[in-house]
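So the chains spell out like this:
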Amino acid sequence: MNRFARRSLIGAAAGLLASAALVFTLGNPLLGAALGIAFGAAFSASLPPTRGTYVDNLMGAGALGVPLWGLVSVIALPLLSGQMPQWGAEQMRQHFPSLVGWVIYGASLGLFTQALSDIAGHFFGPEAAPRLPPAREKTRVVILGGGFAGMTTADCLEQQLRTNAQVSVTLVSETNALLFTPMLAEVAGSSLEPSHISTPLRSSLHQTEFIRGRVAEIQLDKRRVILEADPRNNGSTAQREIPYDHLVFALGAVSNYLGMANVEKLAFNFKSLLDAIRIRNHVIEMFERAERESEPALRRPLLTFVVAGGGFAGVEVAGALNDFTRGILADYPKLRPEELSVILVHSRDRILPELSESLARYAQKRMEERGVVFRLNARLADARPGVVVVSDGDIPAETLVWTAGTAPNPLLKTLAVEKDKRGALIVDSTLSLPGHPGLWALGDCAAVIDSKTEKPCPPTAQFALREAKTLAQNILAQLERRPVRAFHFDSLGALCVVGHQTACAELTVPFARQRSMRFSGLLAWLMWRGIYLAKLPGLERKIRVLMDWTIELFFPRDIVQTIDLK
Amino acid sequence: MSQTGTVNVAQAGKGVGVSWLIEPVLGLCIGALGGAVQGALLATSVGRSVLWGAVFGLVFGLFFAQRATSPGAGLIWSLALALLTWLLFPAGILRLLSGSGHSMAMLQDARQQFPELVGVLICLGMPVGVTLGIWGEAHSKGQQPKFSWGRAVVAGGLAGTLGGFVFGRWVSSGNYYPLLAGFGELNSRSATVSLHFAIALLIGASFGVLFQRDVRGFGSCMGWGLGYAIFWWFMGPLTLLRTAAGLPLDWSAEQASVVFGSLVGHILYGLILGVTYAAFDRLWVRLFVQSDPLNREVEGPGLRLLRSLEWGALAGLVGGVASSPILLATGVLPTIAGLDTRLSSFGGLLIHLLVSALIGMSYGLLFRNEASSVGLGIAWGWVFGMIWWYVGPMTLLPLMLTGVCDWSTDAASALLPSLMGHLIYGAVTASTFLLLEHRYTRWLLLDPRIAARAQRRIRPVGTPAPALWFFALGLGVLLPILLG
């Protein structure tokens, strides 16, 4: 028998027995019995039975009698008999006998329900367990990459699948945390603690199986992903093969050194948390060495920091390094400000091509005022130890940070699917790979074309987040045999910090997508901080970052070396 | 009320080697002793009172002793049993059987039997429950949740003192100290204030010692504060303070009516005490227990706080809609929130809904971890609704409209109709909140770690929550009716 039907029957019988008190106090036997049965059935049905809880039921149901008296005797019964509710103080006092009757009814209902439930359990066994859906083979969705695109896809799938246990989601990532890249420059500049801008994937995802590992091979024909073996453990039994029904490529991009092997060898990458930590520690190392160096000519390259690339990443890291290096000069009394230089090398005539020209000029002017040197229309050609070779002249420098080019993950080269000239996977407007059912791609590793504007979508986190939502909806739509939808998103704008309390912001005007509002200076900087703090995943991380920013207002930046780069 | 529980704390807490006869015999002895005291105080037949007390103690020892796992749990269970006993026998079944069950005569009889109610609570309920609770705790073989004396006394004492300070500042302008009602005039203001704080400290510290194991969050703390405050009204103004002032003991309904205002004062003090104790207790647990990495939970603190406020606001809105017909019919709506007495009904309705949403947010904030099923949600919702009847129309509304509180029995009588509206509001708000919460958390529970934590948060079978509902709801509704 259905458990609710069983409970209701028990409750109705108990209610009938307990209704003696109502019959006696309400003065209408039929009404008293009917009310007793109805409330008994409802009471019993709403509570799962537990053996032997007589006194708990006695008191709990007794308490139930008090409000029931008010609802039924004081309000409902007079209304049903065509009178006004009798809730005046004196009228309620006249109902005192029925209050006692309802309390006695409640208390005895609790006892009888428990007794009948125990008897039913003794003779007929426990309640039937809720029916589970028949076990079927699960549909496996595997997501490769734990960046914004991969993480958001998994999160959206979790939200949409809810209690659907017929679909399993697995996320494979080389790192176990989502890096909030907009704040990466602040880690390199020692403003923020590294772990404060990373959110553990395991804590953020509840239903998704997370596997930390590097993908070695994807066998499209056998529909499985092969992970690299752990070289430190030959006898490892760790899972290496992951079968899939739907595979999502969210592998992101890597730095593209345009074939310059020396640059690749000598330059600092600026993509991961470790890169930012290494840059910060390297800067401190350079200062320590320069402090001991008495020869000015040898000091110069130690205190020259070159950033290649004038896009968002390059400008932000140059601004952060400039603030950091000039700030810590106070801790190095032998070094003079004029010995220090932060140089940004960019191949075009203006920085920040993503923003309008006026904002780019503003950013350049403010950065120059703060000491950053720009080498525009200059190409980085090569690098040697202590020298950065630029098309318009060499720069003696021990530090080079590369932000000038990216390329899709090299793993994609091994796949026999259609790619664009950058090597990104070509997807249709629904973000699936044409001709490959069950394969999807998004983010920096995909060539996504907006379905309305038919323009390529930029490889930014803003677009990756929206692509992830559409992709998750489309996977679910396919599973449920519903129509999939095409991807479209209008950019909300862009923000870039260029130095201490200075930023540029270009925000799209709502409902007038072709127009934008431009902000600069302190207001734009406050907008940057407010917007990105709100976007940073997790309340705990938000608080930690906010504390870091607050501490920075009152105390100098930390120059403790945390890793040894020698 | 049955609850899905994993471990029956009460049953598990019992020692294996303890004879089942000891508790009934102990209950019988203490009950008989209490009955003798009650007979002496009420000047009734001592033999009959001893027999009555012995039967009470025996029944408690036989059927309730398993639930008396601590002095606090024992106290609440036995107070509830005492109230039920009084409702069943002196005021209930005997009168119904004698044929006076369909008239005001029964209420008059109940008023005449009011001293019996005070007697059964003070002389039987308290000693039997506390004694068997102490016995139960001593023989629990360490299977109960850990008890921290420092946490109980410090958090309880601080909460009591702070509650006394806040409450004292509020009510002392009229030189009226509800906690001292019945004591009479003191010589100096400093002596009055000192005594006020001494009693507040005593109530607070004893609250922590008695109920540390039972209270879980802000909501249950308020519930326990409400119940304990009602008990202290019987203990303080009606009993100890009169005795301490050298006045003859008077447990009559007439005397209770005279100090009815202090009942409302006690209830408000109990709520402040409950909330403050919960704040200190949660802070203590956060600083010294949950900060230990070994005790780390999967889900961090504060993650569901905002959602609880959102669900609470929505649930409060639904509760406001459900209760508005009663408030409209009773004419309370136009004066709601005390903003403008000339408001039209529609304007009043809008303000009522806004206030309902805000109060609903307080439900979300305070009661979000208390209920795991609709039945339990409704029970806590009723307690919440009753709390707001005492806080809102009885206190805040007159304070905002006229600048003074009227805690008289006449004021309570005039506001009785809206009590029904508040109970409906509480129940509907609680059940809607639970539905919204379940809708969101259902999928989270697929994670076995979160499901395990949710299971830990469910109040296990055997805690005194059902007894508290009965005692607090029963007396919270009964006393304004009985004493008006």
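Everything numeric here is computed off the predicted structure, so don't read it as measured data. (Residues numbered from 1 in each chain as written. Chains lettered and ligands numbered in written order. Predicted model: local features only at pLDDT ≥ 70, side-chain atom pairs only at ≥ 80, totals over all residues.)

**A word on the overall build of chain A**
Within chain A one finds 17 helices and 25 strands. Here chain A holds 566 residues, and 44% of them are scored as buried. For chain A, the share of sequence-separated contacts (at least 6 apart) that also reach a separation of at least 24 residues comes to 67%. (Helix = DSSP H or I, 4+ residues; strand = E, 2+ residues; numbered from the N terminus. Buried ≥ 20, exposed ≤ 12 C-beta atoms within 10 Å, placed from the backbone. Contact = placed C-beta atoms within 7 Å.)

**Structural notes on the overall build of chain B**
Helix and strand counts for chain B come out as 17 helices and 0 strands. Here chain B holds 484 residues, and the buried ones make up 54% of them. Summarising the internal contacts of chain B: among those between residues at least 6 apart in sequence, 82% fall at separations of at least 24.

**Points about the sheet that holds strand β9 (residues 246-249) of chain A**
Strands pair in a sheet through their backbones, by hydrogen bonds, and they do so in one of two ways: parallel or antiparallel. Residue and element names in this part refer to chain A. Strand order in this open sheet of 5 strands is β5-β2-β1-β9-β21, and the pairing throughout is parallel. Two strands lie at the open edges of the sheet, namely β5 (209-212) and β21 (439-441), each paired on one side alone. Strand-to-strand, the axes of this sheet are offset by a mean angle of 20°, without reference to chain direction. Bridge count for strand β1 (residues 139-144) against strand β2 (residues 167-173) is 6 bridges, and the pairing is parallel. Note on β2: the bridge partner recorded for V142 is T170. (Pairing = 2+ DSSP bridges. Axes fitted to C-alpha atoms, helices over the stretch in contact; angles between N-to-C directions.)

**Observations regarding the sheet that holds strand β14 (residues 372-375) of chain A**
Residue and element names in this part refer to chain A. Taken together, the 5 strands give an open sheet; going across it, the order is β11-β18-β12-β13-β14, and neighbouring strands pair in parallel fashion. Each of the sheet's edge strands pairs with one partner strand only, and the pair in question is β11 (268-269) and β14. As paired strands, strand β12 (residues 304-308) and strand β13 (residues 341-345) are joined by 5 bridges and run parallel to one another. In the sheet register, A308 faces β13, and the bridge partner there is V345.

**Focus on the packing of helix α1 (residues 3-18) of chain A against helix α3 (residues 29-45) of chain A**
Each pair of packed helices gets described by two things: the angle between the helix axes and the distance between those axes. All names here are of chain A. It is at 6 Å that the axes of α1 and α3 come closest, and there the two elements cross at 140°. The two elements α1 and α3 meet at a crossing, and its hand is right-handed. Residue-level inspection shows F4, R7, S8, I10, G11, A12, A14, G15, L16 and A18 of α1 in contact with α3, the latter providing A33, G36, I37, F39, G40, A41, F43, S44 and A45. A class-by-class count of the residues in the contact of α1 with α3 yields 12 nonpolar, 6 polar and 1 charged. (Left-handed = near helix turned anticlockwise from the far one by under 90°. Nonpolar A, V, L, I, M, F, W, Y, C, P; charged D, E, K, R; others polar.)

**What to know about helix α6 (residues 114-138) of chain B**
In an α-helix, one turn spans 3.6 residues, which is why side chains three or four residues apart end up on the same side. Residue and element names in this part refer to chain B. Compared with the 36 Å implied by 1.5 Å per residue over 25 residues, the 35 Å span of α6 between its first and last C-alpha is a close match. Of all bends in α6, the biggest is about 35°, found at G125, and the proline P127 comes one to four residues later. Burial of α6 is extensive: 22 of the 25 residues sit out of reach of the surface. (Expected span 1.5 Å × (residues − 1). Bend = angle between axes of the 7 residues up to and from the residue.)

**Let's talk about the pairing of β13(A)**
Working note: regular strand, side chains alternate between the two faces of the sheet. Residues and elements named next belong to chain A. Counting buried positions along β13 yields 4 of 5 residues, so the element is predominantly enclosed. Taken together, the 4 bridges between β13 and β14 define a ladder with parallel strand orientation. Considered in β14, the bridge of I343 is made with V373. Read from β13 through helix α14 (residues 357-369) to β14, the crossover connection turns out right-handed. (Right-handed = clockwise from strand over helix to strand, strands pointing away.)

**Structural notes on the nonpolar core**
Counting residues in hydrophobic clusters, the biggest one holds 160 residues, and the most contacted among them are B:A80, B:L83, B:V383, B:W469, B:F470, B:F471 and B:L473. Element by element, the count of residues in this core is highest for helix α17 (residues 465-483) of chain B, at 14 residues. With near-sequence residues (within four places) excluded, B:L473 lies in contact with A:A63, A:V66, B:W382, B:V383 and B:M386. (Core = buried A, V, L, I, M, F, W, Y, C linked by C-beta atoms within 7 Å.)

**Digging into the confidence of the model for chain B**
Residues and elements named next belong to chain B. This prediction gives chain B a mean pLDDT of 80; 79% of its residues lie at or above 70. Between the elements of chain B, mean pLDDT differs from a low of 43, seen in helix α1 (residues 9-12), to a high of 93, seen in α6. Per-residue pLDDT stays below 50 along residues 1-16; that stretch engages in 58 contacts with residues further than four places along the chain or on separate chains. Predicted complex, confidence summary: ipTM 0.83, pTM 0.70. (pLDDT = per-residue confidence, 0-100.)

**Observations concerning helix α2 (residues 22-42) of chain B**
All names here are of chain B. Here α2 is 21 residues long and its end C-alpha atoms lie 30 Å apart, about the 30 Å a rise of 1.5 Å per residue gives. Regarding α2, the residues found buried are E23, P24, G27, L28, I30, G31, A32, G34, G35, Q38 and G39. Buried residues along α2 sit in contact with α3 (46-64) and α6. A43 lies just past α2 and shows a positive phi near 55°.

**Some thoughts on the packing of α2(B) against α6(B)**
Residues and elements named next belong to chain B. Close contact between α2 and α6 brings their axes to 9 Å; oriented N to C, the two are set at 150°. The pairing of α2 with α6 is recorded here as roughly antiparallel in orientation. The hand of the α2/α6 crossing is right-handed. Contact residues: E23, L26, G27, I30, G31, G34, G35, V37, Q38, L41 and L42 in α2; P115, G119, C123, L124, P127, V128, T131, L132 and W135 in α6. Of the residues belonging to the contact of α2 with α6, the class tally is 12 nonpolar, 7 polar and 1 charged. (Parallel < 35°, antiparallel > 145°, perpendicular 65-115°, else oblique.)

**A word on unusual backbone geometry**
All names here are of chain A. Positive phi outside glycine occurs at S190, with the angle close to 65°. The residue S190 is located in the loop between α8 (184-188) and β4 (198-200) in this model. Residue classification places S190 among the buried residues on the basis of 27 C-beta atoms within 10 Å. Of note, the phi angle at L431 is positive, near 75°, even though the residue is not glycine. Structurally, the position occupied by L431 is in the loop between β20 (425-426) and β21.

**Looking at the environment of A:M183**
Residue and element names in this part refer to chain A. Among the secondary structure elements, M183 is positioned in the loop between β3 (177-179) and α8. Given 24 C-beta atoms within a 10 Å radius, M183 is considered buried. Remark: the alpha-carbon pair of M183 and Y532, spanning 349 residues in sequence, is separated by 8.2 Å. In contact with M183, other than residues within four places in its own chain, are L192, I197 and Y532.

**Brief notes about the pairing of β9(A)**
Residue and element names in this part refer to chain A. With burial as the criterion, each face of β9 is covered, one bearing H246 and V248 and the other bearing L247 and F249. Sheet topology note: the β1/β9 ladder contains 4 bridges and is parallel. Its bridge partner lying in β9, V141 is registered against H246. Bridge count for β9 against β21 is 3 bridges, and the pairing is parallel. By the bridge assignment, L247 is partnered in β21 with L439.

**So, the environment of A:L220**
Residue and element names in this part refer to chain A. Position of L220 among the secondary structure elements: in the loop between β6 (215-219) and β7 (224-227). Taking the C-alpha atoms as reference, L220 lies 9.7 Å from Y244; in sequence the two are 24 residues apart. Residues in contact with L220, not counting those within four places in the same chain, are L415 and A416.

**A look at the environment of A:G147**
All names here are of chain A. Within the secondary structure layout, G147 lies in the loop between β1 and α7 (148-161). Through-space distance from the C-alpha of G147 to that of L201 is 9.6 Å; in sequence the pair is 54 residues apart. Not counting the four nearest positions on each side in its chain, G147 is found in contact with L178, A250, G252 and G443.

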